[in-house]
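# Tertiary structure, described
Residue-level listing of the chains:
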Amino acid sequence: MNKGILLKAKSPKQFYMKSLTSLIQKLALLSLMLWLGNVSQAQVTSVSISGQIKHKTNTTVLPYANIILKTAKDSAFVTGTVSNEEGRFTLTNVKPNDYILTVSLVGFNVAKQKIFVGKLSAFLDLPVIELIENVQTLGEITVQGKADEVSAKMDKKVFSIANNISQSGGSILQAMQSVPGVTIESGKVSLRGNDKVTILIDGKQTALTGFNAQYGLDNIPASNIDKIEVINNPSSKYDANGSAGIINIIMKKNIKQGFNGKLGLATGLGALWQRQDNYPDVRPQYTMTPKINPSLALNYRTNKINAFVQVDNLYTHTLNKNEYTTRTYDDGTVIKQQLKRNRDTNFFNSKAGFDWFLDSQNTLTVSGLFGTEKILDNGDEPFFNGDFSKRLRLWTFLEDELKTTAMATLAYQHKFQDAGHLLNFGYNYTFHREDEKYFFTNAMPTFTGKDSFKLLSDETVSDFNLDYIKPLKFGRVETGVKYRKRDIPTNMQFFPGVNSPLDSSAGGPATYKESIPAVYGNLVFETRKLEAEIGLRMEYVSVNYQVSPSHNTYKSDGYSYTQPFPNVRLGYKISDNHQLTFLYNRRVDRPNEVDIRVFPKYDDAEIIKVGNPALKPQFTNSLELGYKTNFSRGYFYTSLYHKIVDGTITRISSTVPNSTLIYAIFQNVDKSYNTGIEMVMSKEIAPWYSLNINANIYRNQINAFAIMNLYPTPHISSSDEQMLISWNTKWNNIIHLPNKTDLQVLFTYLAPDLIPQGRIQQRFSCDVGLKKSMNNGKHEVFVNATDLFNTMKIKKIVNGDGFKYTSADYYETQVIRVGYNYKF
């Protein structure tokens, strides 16, 4: 055997080791080739860039900043956008390359940063971009431009109170009068001819404006309001109540560093002359009514804390009502009456709290509110026969009412590392007391009686909410839970006099209990051309109304339901300046406690309002198609909408046999419909003149109905189908005069409209305001007049079974104010 050959031979172990090594190398090479192949297949050609803009010093978000993307090589423009109200922005369809991102906003230094867009990810989330205030230019620049009132999503309209000169120094209700699409009647707000509107303050329902209701708006000062949001089709993150939509009142919040504030004083006169003579035996109606509204807002801000205090006091005399009514009955009886109410109001409101910036990701807010509203009403109501030859009754009254509200709020926000990723927790506790005393003198031809009653109502509400927002590759997801517990024990005590007309057996205790747990989810998806927002809110409601067993008519009642409330918003961007949006939602109007309150209300002695504990919710399905086009220095927006209401809630007037008294009682009356078209055009015609024109044309229909009224005795009320086409328009003009002086002129016209069992006649008003800024906006003076020509009055025609009545209310609408504000 050849020894050389034997020396080169390998052992079996060495042979297997070499074969295994070779196999591993081949597998590794194959894996690398497969990975490289997958990488090449995963490379993207289009990237979406998102981010958020904030204030460098106090970390507040900065809306309406301009974002521009240019190529790093030759500064060629690629794309651009504007940050939304949360400071967020998204740039879509960006090709992989090196870029320069530029962010600019008036009053801040321009921020630039280099961005590399690669090929391995379709989504690039930038770190928060912080802008630094340009202190040298802040005091020298007056910003005349403003964001479009109609949001880019066309789901809401936003109006700044700073632009509302004609209602400066007034109440929240008066501030709303210039808002397009909003109409005011008898102290209630309507949207598109529907008064089922939910009022929020900073996104929350409060006892100041009512839970599931709206009241007190005419007595809350508007001096610390920043803006008003009108949301016709709310998403699932909002409470389901309010079929007409939501009005969200955003209060001012200072973002400047250090100590600063605002001191204001407004005063004025209303009812400058008597528009309609009193009937005989009526005490003089208020004229030249004084108004005074001092206000103070203080703010102290550092990098760690923001503390604030706001105080308002609104003192007014008002001709709150001056209504002349003629009732005509089928048997030929005619009764003429006048209801005049002189009102003294003092509303004090205070709010204090702090934001504690624990770190860049966690913020704790604690705040409290305390308010009192003192109302004194002196009223007269004479009743005569048709030719005034005989006085049938003289009803005079004094109402002494004190409302007290206390509210405590705790809010916590956690910001995750990626922009827009949030967790919010909130708890709100409210106590509201309503203490009313009425004193009546009932003068009849043969005797005079003294009557009175006292109502005490204590409302406690606990609200808990947890909300989570997570950005996605092409949108975001929102979800959360909410729980509300609400208790309202009331007690009505009647003190009848001689031959009293009061129904004293209808008094006693009653308790309203409400429990509402809810959960919601909302998905937002967006590409360059398409937008979609799809949400669902599941709500369980349990309402129990406990009536005194001794009540002469009503028994305890209530309702419960578990219902879904979906919402859909689909948007298509035809081009940068043209967009279509389709919206759908389902909402509910739950009866408020005052709607089911079983005690008769005697502010009118012979047209008596009574609640109904058997009242059930009404459910509304809404469809809307909107279109918006932007053009040079303006935009045009229009929408077609249709609402279908099941179980319509309305107040029905009826009589009982052998009586001329009219009882107005809330009832569910089957189906109703609201269909219309709304248009808004805003345009800067010249540097010195801009306008906003809003028009709304709609058709209201209430189906025929027949219902059983139980109070004071069982009787049936019926009505044929009612249908009316109505419209309204507002024309708002802003004129920039020399020396930083602005003039506003607002024209409002409301055509005849449908009301339960009748119609309301046309109304017209003109409001004007003049404002001058001095010393770079630190000092501001204004003068304005609402209903300058004193033309606004409410005329109604109501047709009931066996009667008809017409009325004209010449309540106070004309007010002239002057005011001064100092910012420091």
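The rules behind the values
Residues numbered from 1 in each chain as written. Predicted model: local features only at pLDDT ≥ 70, side-chain atom pairs only at ≥ 80, totals over all residues. Heavy atoms only, no water. Helix = DSSP H or I, 4+ residues; strand = E, 2+ residues; numbered from the N terminus. Buried < 20%, exposed > 50% of the residue type's maximum accessible area, 1.4 Å probe, protein only. Contact = heavy atoms within 4.5 Å. Areas by Shrake-Rupley, 256 points an atom, 1.4 Å probe, with all protein chains shown as cover. Lys, Arg positive; Asp, Glu negative; His and termini not counted. Charge placed at Lys NZ, Arg CZ, Asp CG, Glu CD. Pairing = 2+ DSSP bridges. Axes fitted to C-alpha atoms, helices over the stretch in contact; angles between N-to-C directions. Patch = residues over 30% accessible without salt bridge, like charges linked within 9 Å, V, L, I, M, F, W, Y side chains within 5 Å. Salt bridge = Lys/Arg side-chain N within 4 Å of Asp/Glu carboxyl O. Phe/Tyr/Trp six-rings, centres within 6.5 Å; stacked < 30°, edge-to-face > 60°. Core = buried A, V, L, I, M, F, W, Y, C linked by side-chain atoms within 4.5 Å. pLDDT = per-residue confidence, 0-100.

A few words now on the overall build of the chain. Helix and strand counts for the chain stand at five helices and 45 strands. In terms of its C-alpha atoms, the chain occupies a principal-axis envelope of roughly 150 × 65 × 45 Å. By the burial criterion, 50% of the 824 residues in the chain qualify as buried. Here the contacts in the chain between residues at least 6 apart in sequence split such that 67% fall between residues at least 24 apart. Put simply, the chain shows about 36400 Å² of open surface, and 60% of that area lies on carbon and sulfur atoms. Taken together, the 92 basic and 75 acidic charged side chains of the chain have centroids lying 11 Å from each other.

Burial runs high along strand β14 (residues 245-251): seven of the seven residues are buried. By the alternation rule, side chains of β14 split into Gly245, Ile247, Ile249 and Met251 and Ile246, Asn248 and Ile250, which are all buried.

Below, the discussion takes up the sheet that holds strand β32 (residues 662-668). The three strands lie next to each other as β28-β32-β31, forming an open sheet whose pairing is mixed. Each edge of the sheet is formed by a strand with only one pairing partner; in this case those strands are β28 (607-610) and β31 (649-654). Each neighbouring strand pair of the sheet contributes to a mean axis angle of 30°, computed without reference to strand direction. Direction of pairing for β31 relative to β32: antiparallel, over a ladder of six bridges. Directly across from Thr650, in β32, lies its bridge partner Gln667.

Attention now moves to a positive patch on the surface. The grouping of Lys252, Lys256, Lys778 and Lys823 at the surface amounts to a positive patch. With respect to the helices and strands, the residue Lys823 is situated in strand β45 (residues 815-823).

Let's shift gears to unusual backbone geometry. The amide bond that connects Tyr711 to the next residue, Pro712, takes the cis arrangement and shows omega of -5°. Positive phi, close to 45°, is recorded for Asn499, a residue that is not glycine. For Asn499, the location among the structural elements is in the loop between β23 (475-495) and β24 (508-526). The backbone of Asn790 shows a phi angle near 55°, a positive value even though the residue is not glycine. By the element assignment, Asn790 lies in the loop between β42 (779-786) and β43 (794-800). Here Asn790 falls in the buried class, since its relative accessible area comes to 11%.

Now for the packing of aromatic side chains. Inspection of every chain in the model, using the stated rule, returns 26 aromatic pairs. Summarising the aromatic geometry, the rings of Tyr279 and Tyr324 are spaced 5.2 Å apart at their centres and angled 80° between planes, so their arrangement reads as edge-to-face. Note that Tyr279 is positioned in the loop between β15 (258-270) and β16 (289-301) and Tyr324 in strand β17 (residues 305-329), a separation of 45 residues in sequence. Here the two residues Tyr279 and Tyr324 agree in accessibility, since each one is buried.

Below, the discussion takes up the nonpolar core. General note: in soluble globular proteins, nonpolar side chains tend to be found buried as a group. With 54 residues, the main nonpolar core has Trp395, Phe440, Phe453, Tyr545, Tyr561, Tyr602 and Tyr711 as its most contacted residues. Not counting residues up to four positions away in its chain, the partners in contact with Tyr561 are Glu539, Tyr540, Val541, Val588, Arg590, Pro617 and Phe619.

Take Asn544: it is sitting in strand β25 (residues 530-547). For Asn544, a relative accessible area of 33% corresponds to the partly exposed category. In this structure, the C-alpha to C-alpha distance between Asn544 and Asn306, residues 238 residues apart in sequence, is 42 Å. Setting aside chain neighbours within four positions, we find Asn544 in contact with Thr511, Tyr512, Lys513, Asp557 and Gly558.

This part covers the confidence of the model for the chain. Averaged over the chain, the pLDDT score is 87; the fraction of residues at 70 or greater is 90%. Least confident of the elements in the chain is helix α1 (residues 3-8), whose mean pLDDT is 39; most confident is strand β44 (residues 803-809), at 96. The model gives residues 34-42 a pLDDT under 50, and that stretch makes two contacts with residues more than four places away or in other chains. Under a pLDDT of 50 for its full length, residues 137-145 has, in the predicted model, nine contacts with residues more than four places off or in other chains.

On to the environment of Ser166, then. Topologically, Ser166 is positioned in the loop between β9 (157-160) and α4 (172-175). For Ser166, a relative accessible area of 0% corresponds to the buried category. Setting aside residues up to four positions removed in sequence, Ser166 forms contacts with Gln744, Asp767, Val768, Gly769, Asn784, Ala785 and Thr786.

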